[in-house]
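# Coordinate analysis (summary)
Listed below, chain by chain, are the residues.
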Amino acid sequence: MSTAAANVEGRSDAHQYVTVRVGGQLFGLPISSVNEVFVPDRITPVPLASREIDGVLNLRGRIVTMIDMRRLLGLADGTLARMAVGIERTGEAFALLIDGVGDVLLLDPSTYESSPPNLDEEWTQFAEGVHRLAEELLVVLDVERVLATVGGVRNAA
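Everything quoted here is computed from the prediction, not taken from an experiment.

Right, let's get into the sheet that holds strand β7 (residues 92-98). Read from one edge to the other, the open sheet built from 5 strands follows the order β3-β6-β7-β5-β4, with strand pairing classed as mixed. With one partner strand each, in any of the chains shown, β3 (36-38) and β4 (53-59) form the two edges of the open sheet. On average, each strand axis in the sheet is inclined to that of its neighbour by 30 degrees, with strand direction left out of account. In this sheet, β7 lies alongside strand β6 (residues 83-89) in antiparallel orientation, the contact comprising 7 bridges. Bridge assignment links Gly86 to a residue of β7, and that residue is Ala95.

To continue, consider the pairing of strand β2 (residues 25-30). The buried fraction of β2 is high, at 6 of 6 residues. The turn joining strand β1 (residues 15-22) and β2, which pair antiparallel and follow one another in sequence, is formed by 2 residues; a positive phi near 60 degrees is taken by Gly23. Note that β2 and strand β11 (residues 137-141) share 3 bridges and pair parallel. Of the residues in β11, the one forming a bridge with Leu26 is Leu138.

Tallied over the full model, the rule gives 12 salt bridges. Across the salt bridge formed by Arg71 and Asp54, the nearest N and O atoms sit 3.2 Å from each other. Residue Arg71 is found in helix α2 (residues 69-72), and its partner Asp54 is found in strand β4; the two are separated by 17 residues along the sequence. We note that Arg71, like Asp54, is buried. When the shortest N-O distance is used, the salt bridge between Glu88 and Arg62 registers 2.9 Å.

Ranked by internal contacts, the top residues of the largest apolar core, which has 27 residues, are Phe27, Leu29, Ile67 and Met69. Where this core is concerned, the elements lending two or more residues are β1, β2, α2, β6, β7, β10 (127-132), β11 and α4 (143-149). Residues contacting Phe27, with those up to four places away along its chain left out, are Val18, Thr19, Val20, Val22, Leu73, Trp123, Leu138, Val139 and Leu141. Residues Leu57, Ala84, Ala95 and Leu97 belong to the second largest nonpolar core, which totals 9 residues.

Classification of Asp54 as buried rests on a relative accessible area of 15%. A polar atom in the side chain of Asp54 sits 3.2 Å from the side chain of Arg71. Apart from residues no more than four positions distant in its own chain, Asp54 is found in contact with Ile43, Thr44, Pro45, Met66, Asp68, Arg71, Arg82 and Leu97.

The next thing to look at is the pairing of strand β5 (residues 62-68). Pairing between β4 and β5: 6 bridges, direction antiparallel. Bridging from a neighbouring strand, Leu57 pairs with Val64 of β5. Hairpin connection between β4 and β5: a loop of 2 residues separates the two successive antiparallel strands, and Arg60 in this loop has a positive phi of roughly 50 degrees. Relative to β7, β5 runs parallel, the two sharing 5 bridges. Considered in β7, the bridge of Thr65 is made with Phe94.

What counts, and where the lines are drawn
- Residues numbered from 1 in each chain as written.
- Predicted model: local features only at pLDDT ≥ 70, side-chain atom pairs only at ≥ 80, totals over all residues.
- Heavy atoms only, no water.
- Pairing = 2+ DSSP bridges.
- Helix = DSSP H or I, 4+ residues; strand = E, 2+ residues; numbered from the N terminus.
- Axes fitted to C-alpha atoms, helices over the stretch in contact; angles between N-to-C directions.
- Buried < 20%, exposed > 50% of the residue type's maximum accessible area, 1.4 Å probe, protein only.
- Salt bridge = Lys/Arg side-chain N within 4 Å of Asp/Glu carboxyl O.
- Core = buried A, V, L, I, M, F, W, Y, C linked by side-chain atoms within 4.5 Å.
- Contact = heavy atoms within 4.5 Å.
- Polar contact = N/O pair within 3.5 Å; in protein donor to acceptor, adjacent residues only side chain to side chain.

Keep in mind that these numbers describe shape and distance, not what the molecule does.
What follows is the structure, encoded as structure tokens:
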């Protein structure tokens, strides 16, 4: 557990993130945005869909739109076994395809900063900000912006 995480047990202002890896970079999703983590199977391509939409998947009777985070962030397609993070907005089911999932971190707001100016321009549009951890930078993803970009959610609360 990181030092930032170790010092916030029991604090009401601490933020929880599900950590994921995309292209080697550590990203954080607010835990309140995540419904589940799963390994996708049998993704069906959608003709004429935007490049970021990998396809759709039937997950326990629900149609889930699969968003490829590597493509969305301008990274090369990977060969890693992919995982997915399930999200629901405005009654629709989405999943972010990622390279892997990590821990749930409870982070002190004092480690939070706005996105640095040298953060990749492709990433800045999807980043709420960053947390500087002892070992690396955690980029906090703005789930609403990700979904709005691929046409999934408009004016979601």
